[in-house]
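# Chain and residue survey
One letter stands for each residue in the lines below.
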Amino acid sequence: MASRAPYQDLNFLKDLIRYQSIDKSISEVTIKKMCGHLWYLSPEAAELSFFDPHVPVDTKRKMIAALNMDTEEDNINRYVLNPKESVDILNKGLEDFICVSSMQFFKRFKINTDFLTTDPSKWNDDEHFKKSTAIVTNINVVNMILLKEELNL
């Protein structure tokens, strides 16, 4: 499910970094590979996390607050992480990947954002959130690298 990808990718990367204490060589190789596949942590794609039931309510509150903050991430399309600086990710949460330009996600999929004015603990009872969840649930996840290879791009 697309809505689970940002949270899972972030946590997986953190696990890989922590794995360095067990097997540094495997950890370094997998971190390097994972650093090239962080498209779900872009400002727009990270919005999918609003619909992930595994993301804690407190994190969703921070994500809402981040929507109103101007940051340098407003102009990036893809999050890039240098494997040598990957330890920095341990201090980041999903809210660190959300910014004003993240609202483009809702516009792109014509998602009503009225639910963002209520506390995330009440979203499951909100009609706008239910309709939005139905839209997000139907978003197909595509591995862009494989798609480009298949299309010979």
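Residues numbered from 1 in each chain as written. Predicted model: local features only at pLDDT ≥ 70, side-chain atom pairs only at ≥ 80, totals over all residues. Heavy atoms only, no water.

Now for the packing of aromatic side chains. Using the criterion set out here, one finds ten aromatic pairs in the structure. Between Phe51 and Phe129 the ring centres are 5.5 Å apart and the planes differ by 10 degrees, which places this aromatic pair in the stacked class. On the criterion of sequence distance, the pair formed by Phe51 in the loop between helix H2 (24-35) and helix H3 (57-66) and Phe129 in helix H5 (residues 127-137) is long-range, its members being 78 residues apart. Through pairs of rings, three or more aromatic residues link up here, namely Phe50, Phe51, Phe105, Phe106, Phe109, Phe115, Trp123 and Phe129. Here the guanidinium or amino end of Lys92 rests over the ring plane of Phe97, the centre of that ring lying 6.0 Å away. (Phe/Tyr/Trp six-rings, centres within 6.5 Å; stacked < 30°, edge-to-face > 60°. Helix = DSSP H or I, 4+ residues; strand = E, 2+ residues; numbered from the N terminus. Lys NZ or Arg CZ within 6 Å of the ring centre and 35° of its normal.)

With that settled, consider the nonpolar core. By size, the foremost hydrophobic cluster in this structure holds 35 residues, and its most contacted members are Phe50, Phe51, Phe105, Phe106, Phe115 and Leu116. Elements represented by at least two residues in this core include exactly helix H1 (5-18), H2, H3, helix H4 (104-108) and H5. With five residues, the single largest contributor to this core is H1. When neighbours within four sequence positions are excluded, Phe106 is seen to be in contact with Glu47, Phe50, Phe51, Ile111, Thr113, Phe115 and Leu116. (Core = buried A, V, L, I, M, F, W, Y, C linked by side-chain atoms within 4.5 Å. Buried < 20%, exposed > 50% of the residue type's maximum accessible area, 1.4 Å probe, protein only. Contact = heavy atoms within 4.5 Å.)

Here we take up H5. What H5 keeps buried is the set Phe129, Ser132 and Val136. The buried side chains of H5 occupy one side of the element, clustering within an arc of 65 degrees when seen end-on. The inward-facing, buried residues of H5 contact H4. (Arc of directions from axis to C-beta.)

Once that is clear, we can look at H3. Inspection of H3 places Thr59, Lys60, Met63, Ile64 and Ala66 among the buried residues, and these make up the whole buried set. For H3, the angular spread of buried residues about the axis comes to 160 degrees, placing them on one side.

At their nearest, the axes of H1 and H2 sit 9 Å apart, and the two run at 155 degrees to each other. One finds that H1 runs roughly antiparallel with respect to H2. Crossing handedness for the pair H1 and H2: left-handed. Residues Asp9, Phe12, Leu13, Leu16 and Ile17 of H1 touch H2, and the partners they reach there are Ser27, Thr30, Ile31 and Met34. Grouping the constituent residues of the contact of H1 with H2 by class yields six nonpolar, two polar and one charged. (Axes fitted to C-alpha atoms, helices over the stretch in contact; angles between N-to-C directions. Parallel < 35°, antiparallel > 145°, perpendicular 65-115°, else oblique. Left-handed = near helix turned anticlockwise from the far one by under 90°. Nonpolar A, V, L, I, M, F, W, Y, C, P; charged D, E, K, R; others polar.)

Geometric values such as these leave the question of function open.
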